[in-house]
Amino acid sequence: LYFWLFLGIYLAALLGNALIIMAIACDHRLHTPMYYFLLNLSLLDLGSISTTIPKAMANSLWDTRGISFQGCVAQLFLFSFFLGAEFSLLTVMAYDRYIAICKPLHYGILMGSRACVHVAAAAWASGFLNALLHTASTFSLPLCQGNYLDQFFCEIPHILKLSCSDSYLREVWLLLVSVCLVFGCFVFIVVSYVEIFRAVLRIPSEQGQHKTFSTYLPHLAMVFLFISTGMFAYLKPPSVSSHVLDLVVAVLYSVVPPAVNPLIYSMRNQELLHSM
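What counts and what doesn't
Residue indices follow the written sequence of each chain, beginning from 1 at its first position. Given that this is a predicted model, residues contribute local features only at a pLDDT of at least 70 and side-chain atom pairs are listed and counted only at 80 or more, while totals for whole chains, interfaces and linings are drawn from all residues. Only hydrogens and water are removed before side-chain values are computed, so all heavy atoms of the structure are retained for them. Think of a 1 Å grid over just the protein atoms. A cavity is a set of points where a 1.4 Å probe fits yet cannot get out, a pocket is an open set with protein on both sides within 12 Å along at least five of seven lines, and lining residues have an atom within 4 Å of a point. Grid points are joined across faces, edges and corners, and a volume is the space filled by probe spheres set on the points. Secondary structure elements follow DSSP: runs of H or I no shorter than four residues count as helices, runs of E no shorter than two count as strands, and numbering proceeds from the N terminus. Basically, the charged four are Asp, Glu, Lys and Arg, the nonpolar ten are Ala, Val, Leu, Ile, Met, Phe, Trp, Tyr, Cys and Pro, and anything else, Gly included, counts as polar. Whenever a pair of cysteine sulfur atoms sits within 2.5 Å, that pair is classed as a disulfide. Note on exposure labels: buried denotes an accessible area under 20% of the residue type's maximum, exposed denotes more than 50%, and partly exposed covers the range between, all computed with a 1.4 Å probe on protein chains only. UniProt positions are given in the numbering used here, feature names are shortened, and annotations may be inferred rather than shown by experiment.

## Here we look at empty space enclosed by the protein
Empty pockets left among the atoms are what a rolling probe the size of a water molecule brings to light.
Item 1. For the structure on display, the rule yields one cavity of 30 Å³ or more.
Item 2. In this structure, the largest cavity occupies an estimated 30 Å³ of space.
Item 3. For the largest cavity, the full set of lining residues is Asp45, Ser48, Phe79, Leu83, Glu86, Phe226, Tyr253, Ser254, Pro257 and Pro258.
Item 4. If you list the elements that add at least two residues to the lining of the largest cavity, you get helix H2 (33-62), helix H3 (69-102), helix H9 (243-254) and helix H10 (256-266).
Item 5. Looking at the lining of the largest cavity, the element that brings in the most residues is H3, giving three residues.
Item 6. In terms of residue class, the lining of the largest cavity is built from six nonpolar, two polar and two charged.

See the structure below:
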């Protein structure tokens, strides 16, 4: 059951994100900042879901539960990298839409081609730094409480449960700092969308208002699902932990967004749909 469920989600994510990447890369009309960031988001989604799902599918199909220590390190590093970069990129995308709608006269200056490349590179670099810090901190701990992770991929909270040293508090504090940064990004995203909605409400056209709200509300809902479930997974106390709850939360922040983002970001976008 896990295999077929994960296979369906994985194929949907591969198809949707690959179509977006090819459409943006091949259609010169889509070579704008908004689509450039969307292409980067699709690349990150493909990377994050490909880090966890194929191994989980293989384990389900062959009825095994094994992963090597090196494989676990690589999986945690790559997943942290893609996750951290996606948080940063979603913040950049919200800022891009805020400038485009609320300050259109400054858009060409603030979001020129060079600026777009720089902020996208900064998002990828922040993901790399996040992954490097968390991976080094997590696997520098002595792990002596067995070798069983009650999860379908190597997740930091479950690895910390295997530690037998008080030095795991160092990684806990690092996680708290990261969560605070993510929460700051989330607040920035919400404020940006609130300003967008306020600007749209001043538009006399009801059709324009309806189109904007139907486009950006799903974006905001998916960002909220992604960030809230991710924060809950890393901050929840051990007393509320259970296999089913951990599995559902992990799927909601690591599997659902990469599969649903292509639909959310192309649903009301006629330019992108025509290019596909």
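## Details of the state of the cysteines
Item 1. Across all of its chains, the model carries one disulfide by this definition.
Item 2. Note on cysteine connectivity: Cys72 is disulfide-linked to Cys154, with sulfurs 2.1 Å apart. Taking the torsion about the S-S bond as the criterion, the Cys72 to Cys154 disulfide, at about -130 degrees, is left-handed. Remark: Cys154 occurs in the loop between helix H5 (113-139) and helix H6 (156-160) and Cys72 occurs in helix H3; sequence separation between them is 82 residues.
Item 3. Given the relative accessible area of 8%, Cys72 is considered buried.
Item 4. Taking relative accessible area as the criterion, Cys154 reaches 3% and is therefore assigned buried.

## Details of the layout of surface pockets
Item 1. There is about 830 Å³ of room inside the largest pocket.
Item 2. At the level of secondary structure, the elements contributing two or more residues to the lining of the largest pocket comprise helix H1 (2-26), H2, H3 and H9.
Item 3. Ranked by the residues each element gives to the lining of the largest pocket, the list is headed by H2, at four residues.

## Side note on the UniProt feature "transmembrane region" (unreviewed entry) in the chain
Item 1. In this numbering, the UniProt entry assigns the feature "transmembrane region" (unreviewed entry) to residues 6-26, 33-53, 73-95, 115-133, 172-194, 215-235 and 247-267.
Item 2. Between the C-alpha atoms that bound residues 215-235 there is a distance of 31 Å. The span itself is 100% helix and 0% strand.
Item 3. For residues 247-267, the end-to-end C-alpha separation is 28 Å, with 90% helix and 0% strand making up the annotated structure.

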